[in-house]
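Tertiary structure, described
Take a look at the letters that make up each chain.
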Amino acid sequence: MATAHAGPAAPTETRWEATISGVDNGIGYRIVVSPADEVVTATVENGSFELAGNGAVMLETSDGAAVLEVPRSYAADGRSITMAHHIAADGRTLTLTPPVEGVAQVKDISSYDRLVEQINKNMPGVVGGAIVGGLLGACLFLIWGVSIPLGVLVGGTVGGSIMGGPEFFNAVQAFVTGQP
């Protein structure tokens with residue numbers, strides 16, 4: 001059975017931690033994820049963490065049978081992040097921390113940046129919608145100067161929204177309304 005908990009560390013602090021615990025293969029475990037400290041800590045009962053010859057961390061049962069290899073590299077945002085690991089002297093606690101250069105700094109992203117990201121992410125839908133909208137706008141012969149560009153704009157927005165869903169629509173809405 002596994003349980004999860006997330007809440008502030010103390011009423012006056014804005015930090016939170018996620019805790020997952022349970023029993024698997026006879027090994028009791030508790031994993032704490034602390035985004036504020038950027039640390040993942042795993043503690044086990046009836047088992048231990050051991051460093052394997054290839055540099056990987058292995059989780060073993062109390063009788064020495066390998067249960068799990070803990071990966072040291074994780075994919076995030078199209079890149080690989082190798083975590084530093086520390087095994088406590090008793091072998092029951094493993095702490096993983098990202099390298100300092102691997103931690104992304106929080107930065108403000110404008111509504112324009114979000115819109116550009118969504119357009120790039122959903123380019124086939126935007127282009128397809130813009131083509132259809134432009135063709136429909138071309139049907140209004142007397143006002144081509146307005147109908148074609150407007151058709152391209154509306155068609156691109158509809159095509160991007162169909163492909164990108166609420167994320168795309170929210171980015172468009174934030175940009176149009178001037179939200180940061």
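Shown above is the structure to which this text applies.
Residues numbered from 1 in each chain as written. Predicted model: local features only at pLDDT ≥ 70, side-chain atom pairs only at ≥ 80, totals over all residues. Heavy atoms only, no water.

**Some details on the pairing of strand β6 (residues 57-61)**
Using the following cut-off: The rule is simple: take the accessible area with a 1.4 Å probe, protein chains only, and divide by the maximum for that residue type; under 20% is buried, over 50% is exposed, in between is partly exposed. Secondary structure elements follow DSSP: runs of H or I of four or more residues count as helices, runs of E of two or more count as strands, with numbering from the N terminus. Paired strands, as defined in this entry, are two strands with at least two bridges between them according to DSSP.
Counting buried positions over the 5 residues of β6 gives 5, a clear majority of the element. Both faces of β6 are covered, namely the face carrying Val57, Leu59 and Thr61 and the face carrying Met58 and Glu60. Bridge count between strand β5 (residues 47-51) and β6: 5 bridges; the pairing is antiparallel. Paired with Gly47 across the two strands is Thr61, which belongs to β6.

**Some remarks on the sheet that holds β6**
To keep it simple, the criterion reads: Every axis in this analysis is a line fitted to C-alpha atoms, fitted for helices over the stretch in contact. Angles between the N-to-C directions lie between 0 and 180 degrees.
If you trace the 3 strands from one edge of the open sheet to the other, you get β5-β6-β7, paired in antiparallel fashion. With one partner strand each, in any of the chains shown, β5 and β7 (66-70) form the two edges of the open sheet. Taking each pair of neighbouring strands and ignoring which way they run, the sheet shows an average axis angle of 25 degrees. Sheet topology places β6 next to β7; 4 bridges connect them, and they run antiparallel. Among the inter-strand pairings, Leu59 is bridged to a residue of β7, identified as Leu68.

**With respect to the pairing of strand β4 (residues 39-45)**
Taken together, the 7 bridges between strand β3 (residues 27-34) and β4 define a ladder with antiparallel strand orientation. Considered in β4, the bridge of Val33 is made with Val40. Hairpin connection from β3 to β4: 4 residues lie between these consecutive antiparallel strands, with Glu38 at a positive phi of about 55 degrees.

**Some details on the side chain of Ser48**
As a reminder of what qualifies: Here a polar contact is taken to be a pair of N or O atoms separated by no more than 3.5 Å, where protein atoms must pair a possible hydrogen donor with a possible acceptor and residues adjacent in sequence count only if both atoms sit in side chains. Any two residues having at least one pair of non-hydrogen atoms within 4.5 Å are treated as being in contact.
Topologically, Ser48 is positioned in strand β5. At 3.4 Å, the side chain of Ser48 and the side chain of Glu50 are in polar contact. Residues in contact with Ser48, not counting those within four places in the same chain, are Met58, Leu59, Glu60 and Gly91.

Spatial relationships are all this shows, so hold off on functional conclusions.
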